Amino acid sequence: MIAYSYRLDGFDDAGMKIVTNNAGLVSLNDAWIELAGVEQRFPIDWLEIVDGIPTVHFDLPDEIEFNVFVCGGIEYFPDTGKIRKLYFMRRVATWTSR
């Protein structure tokens, strides 16, 4: 397993409202990491606020290249704001032609 961390700073104010306060941060305790095209889900090992930005820490198997993924969304229960899943999509290669 390889340890990773990911800063949740790529969302607009409405999305970040869930995780920028202590109550929202605690709601990440039961959340899972899900990667597009990977069957297994991965738990968040620990979390912290770094420079005011929530950061999640988790382990992934050696064979997964995490740098090809980008966080595409946060799934949560609208009634409680409790976070269920951080969903990561594969990055899309950009091609330029001349």
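Below is a summary of the structure that appears in this document. (Residues numbered from 1 in each chain as written. Predicted model: local features only at pLDDT ≥ 70, side-chain atom pairs only at ≥ 80, totals over all residues. Heavy atoms only, no water.)

1. Quick notes on the overall build of the chain
Right, on to step 1. Helix and strand counts for the chain come out as two helices and seven strands.
Right, on to step 2. Element order for the chain, N to C, with α for helix and β for strand: β-α-α-β-β-β-β-β-β.
Right, on to step 3. The buried share of the chain, taken over its 98 residues, is 37%.
Right, on to step 4. In the chain, the share of contacts with a sequence separation of at least 24, taken over all contacts with a separation of at least 6, comes to 55%.
Right, on to step 5. As displayed, the chain offers around 6,500 Å² of accessible surface, 50% of which is attributable to carbon and sulfur atoms. (Helix = DSSP H or I, 4+ residues; strand = E, 2+ residues; numbered from the N terminus. Buried < 20%, exposed > 50% of the residue type's maximum accessible area, 1.4 Å probe, protein only. Contact = heavy atoms within 4.5 Å. Areas by Shrake-Rupley, 256 points an atom, 1.4 Å probe, with all protein chains shown as cover.)

2. Digging into the pattern of salt bridges
Right, on to step 1. With the rule as written, the count across this model stands at one salt bridge.
Right, on to step 2. For the salt bridge of K85 with E34, the shortest nitrogen-to-oxygen distance reads 3.5 Å. With K85 in strand β7 (residues 83–90) and E34 in strand β2 (residues 32–35), the pair connects residues that are 51 residues apart, well separated along the chain. (Salt bridge = Lys/Arg side-chain N within 4 Å of Asp/Glu carboxyl O.)

3. Some words on the pairing of strand β5 (residues 53–60)
Remark: a regular strand shows side chains that alternate across the two faces of the sheet.
Right, on to step 1. With seven of its eight residues buried, β5 lies for the most part within the structure.
Right, on to step 2. The pairing of strand β4 (residues 46–50) with β5 spans five bridges and is classified as antiparallel. Directly across from E48, in β5, lies its bridge partner T55.
Right, on to step 3. Connecting β4 to the next strand, β5, in antiparallel fashion are two residues, including D51 with a positive phi near 55°. (Pairing = 2+ DSSP bridges.)

4. As for the sheet that holds strand β1 (residues 2–7)
Right, on to step 1. Strand order in this open sheet of three strands is β1-β5-β4, and the pairing throughout is antiparallel. This sheet does not close on itself; its edge strands, each paired only once, are β1 and β4. Averaged over all pairs of adjacent strands, the angle between strand axes in this sheet comes to 25°, irrespective of strand direction. (Axes fitted to C-alpha atoms, helices over the stretch in contact; angles between N-to-C directions.)

5. Digging into the side chain of H57
Right, on to step 1. Relative to the helices and strands, H57 is located in strand β5.
Right, on to step 2. There is a polar contact of 2.8 Å between the side chain of H57 and the side chain of E48.
Right, on to step 3. Among residues more than four places away in sequence, those in contact with H57 are Y4, S5, I44, D45, W46, L47 and E48. (Polar contact = N/O pair within 3.5 Å; in protein donor to acceptor, adjacent residues only side chain to side chain.)

6. Some words on the nonpolar core
Generally speaking, nonpolar side chains in soluble globular proteins are found buried as a group.
Right, on to step 1. Counting 19 residues, the largest nonpolar core has Y6, I33, L35, V56, F66, L86 and F88 as the members making the most contacts within it.
Right, on to step 2. Looking at this core, the elements that each hand over two or more residues are β2, β5, β6 (69–76) and β7.
Right, on to step 3. The residues contacting I33, other than those within four sequence positions of it, are R41, F42, I44, F58, L86 and F88. (Core = buried A, V, L, I, M, F, W, Y, C linked by side-chain atoms within 4.5 Å.)

7. Observations concerning the packing of aromatic side chains
Right, on to step 1. For the structure shown, the criterion picks out seven aromatic pairs.
Right, on to step 2. Members of the aromatic cluster, connected to one another through ring pairs, are Y4, Y6, F58, F66 and F88.
Right, on to step 3. Sitting above the plane of the W32 ring, R41 keeps its charged end 4.5 Å from the centroid. (Phe/Tyr/Trp six-rings, centres within 6.5 Å; stacked < 30°, edge-to-face > 60°. Lys NZ or Arg CZ within 6 Å of the ring centre and 35° of its normal.)

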